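Coordinate inspection notes
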Amino acid sequence: MENIQSKMRELFGHSCYGYCIAYLSGKTGIKDLTKAVLEGWYKGYIDDDGYVSKPQLFYNYCFGKDLVKDVEKPVYKPEPFNQIVCFEYNGGTHFVVMRDDKVVFDPYGDSNSVKYGKATTVRKFIKKD
């Protein structure tokens, strides 16, 4: 028998990047954010384990427009605008949205990755010409 609850723990437990993309698109409530992640999973942009395998397509879906063609991963530096930042801690990664070197959205609430880890890279979405 399939363990649906276990699969959903896996999906939502590792969906921080997806939640951050949805947040950047203007979604803020837990229901709207979660709906976007579920729809991204349903459309194949997010894998069963929560990994966003097609971030540019999920970004375009969340924004409702065909805006970006690719994603780059430059080294983190503080910026005066919202950006998705990858933290590394204890062998794992976690994504949050930061502005001016301050976390403005953490899908985990108050993650140990942010408390004890290090901001390493950002996800820079490359716009189409």
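Rules used throughout
Just so you know, the residues in each chain are numbered from 1, in the order the chain's sequence is written. Local features in a predicted model are, by the rule used here, given only for residues with pLDDT of at least 70; side-chain atom pairs are given and counted only at 80 or more, and totals for whole chains, interfaces and linings are based on all residues. Hydrogen atoms and water are omitted, and side-chain values are computed over all heavy atoms in the structure. We count a stretch as a helix when DSSP gives it H or I for four or more residues in a row; a strand needs E for two or more, and each element gets its number in order from the N terminus. By definition in these notes, contact holds between two residues if any of their heavy atoms fall within 4.5 Å. To pair, rings of Phe, Tyr and Trp, with the six-membered ring standing in for Trp, must have centres within 6.5 Å; the planes then decide the type, stacked if under 30 degrees apart, edge-to-face if over 60, and tilted in the middle. Burial status follows relative accessibility: with a 1.4 Å probe on protein chains alone, a residue under 20% of its type maximum counts as buried, one over 50% as exposed, and anything between as partly exposed.

1. So, the side chain of asparagine 60
Along the chain, the position of asparagine 60 falls in helix H4 (residues 55-63). If we skip the residues at most four places from it in the chain, asparagine 60 touches Lys65, Asp66, Leu67 and Val68.

2. Structural notes on the packing of aromatic side chains
Inspection of the entire model under this criterion finds seven aromatic pairs. Seen in terms of ring centroids, tyrosine 17 and phenylalanine 95 are 4.7 Å apart; in terms of plane orientation they differ by 25 degrees. Their pairing is stacked. Of this pair, tyrosine 17 sits in helix H2 (residues 16-24) while phenylalanine 95 is found in strand E3 (residues 92-99), placing the two residues 78 residues apart along the sequence. Judged by relative accessible area, which is 8%, tyrosine 17 ranks as buried. Phenylalanine 95 gets classed as buried once you look at its relative accessible area, which sits at 9%.

Structural measurements only, silent on function.
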